[in-house]
Amino acid sequence: MIRYLAGAIGALLALIPFGVEAKPFTDAAGRTVELPDHIGKVLAAGPPASVLIYAIAPEKLAGWVREPKADEKPYLIEAVRGLPTYGRLTGKGGTANIEAVLAAKPDVIIDVGTVDATYASLADKVQSQTGIPYVLIDGSFGKSAETLRSLGVMLGAEERAGKLADYADETLKQLGDTLATVPADKRPRVYYGRGPDGLETGLAGSINLEILEAAGAVNVAAAAGKGSLTQVSPEQVLAWNPEVIIAASPKFAGSVAADPVWSKVEAVAKGQVFNAPSLPFGWFDSPPGINRLIGIRWLEALLYGDHYKGDLKAETRAFYKLFYQVDLDHAQLAALLKGALPATQ
C-alpha cells in the first residue's frame, strides 16, 4: 500500500515542473488526463508497465518496480541495468511511497493491466496526491498491438512502437493459422504450476493463464471455477490429470517425478513437464505483459509441434533483438530454452 506522506508532499512537489503545455489524453478507463506536450521520463506503476515502457522507449524509463536480478541483467541493455528501484504503486504488496515517486520526477505515471473502478480510483488518488498525470492502459493480451501503438503515440515513439505492434499482429495471426489446423479435441489439457511446489495456479479467466487460453489449450484448473490465482493440492491435480505441466519454477519441474502423488499424473509419468522461460521477463506470466508475445511462439512449438512451422531459436533471437535490443549468444539462448521443450525439439 502506498504510504501517503503529507509532510513530504509539499516539499517535494517543488521538484515537478509546472507551466508545461498540456494535452488531453483519454485512457482505457475513460479518464481524461492532461499530459505534458513532451514526455521525457515515465514511471511504471507495476511490472507490466515496466516491460512496455522498456520495450518502446527504454531511455524514458524512470526506474524499476523491482530491481533486475543478476541473471536477468545480461538480457537487458546496459543503460537500464542500474536504474533506481522505487517499488510498485499497484497490485498486491504495493511497496512504493510518495517520496520515491516524487523524487523520480516523472512526467507521467503509467499502469498497464486490468482496468476497472478500483484501479481508476487508485489512479485518481495518486494523481491528486502528486500532481503527476496517471494513465491507465488496457493490458489484455489480445490488445497487445493496440496497446503498443497507443503508448507509442503518447511517448513520441510511433515508429518503434509500430514495429513492435506489427510483430504482435503477426504473432497472433500465426497463432490463428496454427490453431486452424488443430481440432479442438486434439488440443492438450495443461496445468500451470507456480511456486517451488507448483501448487499455485490460475482459475478460469485468470490473467496469469491468459496466454494458455489464447493458445487454445485447456486449463485443467478451470474445473475449479472462475477467479484469479488459487492454491490447490497434488490430489486435485491428479484428479484433473493434465497431459502437460508447465512449471514456473525449475525446482518444481525437477522434483515432481520423485513425488508419489505427482508421479501418477499423466504429464509426469510421460515426462511432459516443462519450464517456462523467464529471463529477463516471464514468457508465460510474471508479469502478464507484452513479454508474453514470445511465449505464444514457444507454446505453439511446445503444444503443437507437428503443426508449428517456425524455428523457435531463430524467433527467440529475433524477439530479443526487436523488443529488448539485445543480441543473444549461444549460452544465453540455451539458458532460456533449458527444459522448455521436449528433448527431440
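Reading the values: the criteria
- Residues numbered from 1 in each chain as written.
- Predicted model: local features only at pLDDT ≥ 70, side-chain atom pairs only at ≥ 80, totals over all residues.
- Heavy atoms only, no water.
- Phe/Tyr/Trp six-rings, centres within 6.5 Å; stacked < 30°, edge-to-face > 60°.
- Helix = DSSP H or I, 4+ residues; strand = E, 2+ residues; numbered from the N terminus.
- Buried < 20%, exposed > 50% of the residue type's maximum accessible area, 1.4 Å probe, protein only.
- Lys NZ or Arg CZ within 6 Å of the ring centre and 35° of its normal.
- pLDDT = per-residue confidence, 0-100.
- Contact = heavy atoms within 4.5 Å.
- Salt bridge = Lys/Arg side-chain N within 4 Å of Asp/Glu carboxyl O.
- Axes fitted to C-alpha atoms, helices over the stretch in contact; angles between N-to-C directions.
- Parallel < 35°, antiparallel > 145°, perpendicular 65-115°, else oblique.
- Left-handed = near helix turned anticlockwise from the far one by under 90°.
- Pairing = 2+ DSSP bridges.
- 1 Å grid on protein atoms, 1.4 Å probe; cavity = no way out; pocket = protein on both sides within 12 Å on 5 of 7 lines; lining within 4 Å.
- Points joined across faces, edges and corners; volume = space filled by probe spheres on them.

Novice: So what exactly am I meant to see when it comes to the packing of aromatic side chains here?
Specialist: To describe a pair of aromatic rings, you give the distance between the ring centres and the angle between the ring planes. Counted according to the given criterion, the structure contains 18 aromatic pairs. Judged by centre distance (6.4 Å) and plane angle (70 degrees), the rings of W283 and W298 are edge-to-face. Remark: W298 occurs in helix α12 (residues 292-303) and W283 occurs in the loop between β11 (273-275) and α12; sequence separation between them is 15 residues. Across this residue pair, the class does not change: W283 and W298 are buried. Taken together through their ring pairs, the aromatic side chains of Y54, W64, Y75, Y167, F281, W283, W298, F319, Y320, F323 and Y324 make up a single cluster. The aromatic ring of Y167 is capped on one face by R297, whose charged end is 4.6 Å from the ring centroid.

Novice: It is not clear to me how the confidence of the model for the protein should be interpreted in this structure. Could you clarify?
Specialist: Caution applies to low-pLDDT regions: their predicted coordinates should not be interpreted in detail. Per-residue pLDDT for the protein has a mean of 90; in total, 91% of the residues score no lower than 70. Taken as a whole, residues 1-20 scores under 50 in pLDDT and shows 35 contacts with residues more than four places along the chain or in a different chain.

Novice: I keep staring at the pattern of salt bridges and nothing clicks. Help me out?
Specialist: Two side chains bearing opposite charge may form a pair once their charged atoms approach each other closely. Taken as a whole, this structure holds 14 salt bridges when the rule is applied. For E72, the salt bridge is made with R66, and the minimal N-O distance between the two is 3.2 Å. A relative accessible area of 8% means that E72 is categorised as buried.

Novice: Whenever I open this one, the packing of helix α7 (residues 158-179) against α12 confuses me. Can you help?
Specialist: Think of two packed helices as two axes; the pair is described by the angle between the axes and how far apart they sit. One way to put it is that α7 packs onto α12 with a least axis distance of 10 Å and a crossing angle of 20 degrees. Considered as vectors, α7 and α12 are oriented roughly parallel to each other. Handedness of the α7/α12 crossing: left-handed. For the pair α7 and α12, contact is made by Y167, A168, E170, T171, Q174, L175 and T178 and by L293, I294, I296, R297 and E300, respectively.

Novice: Is there a simple way to explain the sheet that holds strand β3 (residues 42-44) in this structure?
Specialist: Backbone-to-backbone hydrogen bonds join strands into a sheet, with any given pair of strands oriented parallel or antiparallel. Reading across the sheet, the three strands line up as β3-β4-β5 and stay open at both edges, with parallel pairing between neighbours. Of all the strands in the sheet, the pair left with one neighbour each is β3 and β5 (134-138). In this sheet, adjacent strand axes meet at a mean angle of 30 degrees when their direction is disregarded. Note that β3 and strand β4 (residues 108-113) share three bridges and pair parallel. Residue pairing in the sheet places A44 in a bridge with I110 of β4. In the packing of helix α6 (residues 144-154) onto the sheet, contacts are made with β4 and β5, and the angle to β5 comes to roughly 155 degrees.

Novice: Teacher, can you tell me more about empty space enclosed by the protein here?
Specialist: Over the atoms rolls a probe the size of a water molecule, and its path tells where empty space is left. In total, this model carries one cavity of 30 Å³ or more according to the counting rule given. Computed from the structure, the largest cavity encloses a volume of approximately 80 Å³. Taken together, 13 residues form the lining of the largest cavity, with V112, G139, T147, G289 and I290 sitting closest to its centre. Those elements giving two or more residues to the lining of the largest cavity turn out to be α2 (47-56) and α6.

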